[in-house]
Amino acid sequence: AVALPAQAQSFPAADKPITIIVPFSAGGPTDRVARDLAEAMRKPLGNVSIVIDNATGAGSSIGTAKAARARPDGYTLLLNHIAMSTMPALYRNLPFKVDSSFEYLGIINDVPMTLVGKPTLPANNYKELAGWISQNKSKVNMANAGLGSASHLCGLLLQSALKTQLTTVPYKGTAPAMTDLMGGQVDVMCDQTTNTTSQIAAKKVKAYAVTTTKPLTTPQLRGLPTLDSQGLKGFNVTIWHGLYAPKGTPAPVLAKLNTALKAALKDPVFIQKQQGLGAVVATDRRVEPAAHKQFVAAETAKWSPIIKAAGQYAD
Ligand code: MLT
């Protein structure tokens, strides 16, 4: 059932929480963006409460499907990232269509990734890491957050660039993966700076490189070389995050949510938190629903052939 016009006009009701579905584990990079964004959207939405529902599994397709099925009344949203563009190439039977099961509310940010290793890994720079990987090949355990996740995509690109097949260990998010990496249960991971910056600063993991074509300016990440400059020419992946509502959410509700999102992305506290973790907050142009939808379609067209060439399917 679609929200009645009356409900749509009075959205959001003061006493009804808005839920943002995060399809990865609490404490991870996607969750980090969602919690910071929820905090920044509360005031523009009239101090409503916004709760996070970590609906995890299958590289974010479980939580994304849950959002697609939700009542289209504005009280259930989805925050997901590049997985919206990679899942279609990895899952043959998704119970939703990225381009028609959702309303697009806008892009939130771009987050670079870092290649990190367990503290006891016998390599102290990228060159030594590449040597260690080429010696150990499938004995190397690389953590990710399931097929479709950002860490999976980065791992796929890294393995094809190094022409080496590693053993991949999937988690419900890179928060639990990071715990195992710090504990030495897995060897390497490619993860977003929103999750690795503090662990790198605390020297709880070894940091080897960044996945952007330009070095990062965040103090803790400044010294890391780009993979592009370390022999992996053209290696370039940043993880964009977007906000979505179920298809059929009434236009007045979408307009209010988009206005609140734009206000949140201009919130100095939100910007400062994101920049401190290496993320770049989206500008107004990218927060337009039409631009968001076009961008996701372009990213899907870009990544699908790359993923298909790697020949990995999740189902
Ligand atoms: C990913 O690898 O897609 C994310 O880091 C997963 C997460 O947010 O935990």
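Treat the numbers as computed from the prediction; the structure is a model and nothing was measured.

Conventions adopted
Residues numbered from 1 in each chain as written. Predicted model: local features only at pLDDT ≥ 70, side-chain atom pairs only at ≥ 80, totals over all residues. Heavy atoms only, no water. Helix = DSSP H or I, 4+ residues; strand = E, 2+ residues; numbered from the N terminus. Rg over C-alpha atoms; globule rule 2.2 N^0.38 Å. Buried < 20%, exposed > 50% of the residue type's maximum accessible area, 1.4 Å probe, protein only. Contact = heavy atoms within 4.5 Å. Areas by Shrake-Rupley, 256 points an atom, 1.4 Å probe, with all protein chains shown as cover. Phe/Tyr/Trp six-rings, centres within 6.5 Å; stacked < 30°, edge-to-face > 60°. Core = buried A, V, L, I, M, F, W, Y, C linked by side-chain atoms within 4.5 Å. Salt bridge = Lys/Arg side-chain N within 4 Å of Asp/Glu carboxyl O. Pairing = 2+ DSSP bridges.

*Asks:* Please give an account of the overall build of the chain that cites residues and values.
*Replies:* Within the chain, the regular secondary structure consists of 11 helices and 10 strands. The globule rule puts the C-alpha radius of gyration for 315 residues at 20 Å, and the 19 Å found for the chain is close to it. Oriented by its inertia axes, the alpha-carbon framework of the chain measures out at about 65 × 40 × 30 Å. Residue burial in the chain is summarised as follows: out of 315 residues, 57% are buried. Put simply, of all contacts in the chain between residues at least 6 apart along the chain, 79% involve residues at least 24 apart. Total accessible area on the chain is roughly 12,600 Å²; 56% of this is exposed by carbon and sulfur atoms.

*Asks:* Describe the environment of Ala13, listing the residues and the values that go with them.
*Replies:* Within the fold, Ala13 resides in the loop between helix 1 (5-10) and strand 1 (18-22). Distance in space between the C-alpha atoms of Ala13 and Ala145 is 35 Å, their sequence separation being 132 residues. Each residue touching Ala13, except ones within four places of it in the same chain, is listed here: Val48 and Tyr75.

*Asks:* Quick rundown of the packing of aromatic side chains? Include the residues and the values.
*Replies:* All told, the structure shown has 5 aromatic pairs when counted by the stated rule. Pairing Phe96 with Phe102 gives two aromatic rings, centres 6.0 Å apart and planes at 65°, and the pair type is edge-to-face. Here Phe96 matches Phe102 in class, with each residue buried. Taking the centre distance of 5.1 Å and the plane angle of 75° together, the rings of Trp240 and Phe295 count as edge-to-face.

*Asks:* Explain the nonpolar core to me, using residue names and the numbers behind them.
*Replies:* Within the largest apolar cluster, 83 residues are counted, with the highest numbers of intra-cluster contacts made by Leu37 and Leu129. Dropping the residues within four chain positions of it, Leu37 is found in contact with Leu79, Ile108, Leu243, Leu261, Ala264, Leu265 and Phe270. Of all hydrophobic cores here, the second largest spans 14 residues; its members include Val116, Ala177, Val210 and Leu224.

*Asks:* Any details on unusual backbone geometry? Residues and values, ideally.
*Replies:* Cis geometry is found at the peptide bond from Phe11 to Pro12, where omega equals -5°. Its location among the elements puts Pro12 in the loop between helix 1 and strand 1. Backbone geometry at Ser60 places phi at a positive 90°, although glycine is not the residue there. Structurally, Ser60 can be placed in the loop between strand 2 (50-54) and helix 3 (61-69).

*Asks:* Explain the pattern of salt bridges residue by residue, including any values.
*Replies:* Per the counting criterion, the structure on display carries 13 salt bridges. The shortest N-O distance in the salt bridge between Lys273 and Asp36 comes to 3.9 Å. In this pair, Lys273 sits in helix 10 (residues 268-276) while Asp36 sits in helix 2 (residues 29-42), placing the two residues 237 residues apart along the sequence. Residue classification places Lys273 among the partly exposed residues on the basis of a relative accessible area of 31%. Taking the shortest distance from any N to any O, the salt bridge between Asp53 and Lys66 comes out at 2.7 Å. Remark: Lys66 occurs in helix 3 and Asp53 occurs in strand 2; sequence separation between them is 13 residues.

*Asks:* So, the pairing of strand 1: which residues are in play, and what are the values?
*Replies:* Among the 5 residues of strand 1, 4 are classified as buried, and the element is accordingly described as predominantly covered. The pairing of strand 1 with strand 2 spans 5 bridges and is classified as parallel. Pairing of Ile18 across the sheet is with Ile50, part of strand 2. Note that strand 1 and strand 3 (residues 76-80) share 3 bridges and pair parallel. Residue pairing across strands places Ile20 opposite Leu77, the latter belonging to strand 3.

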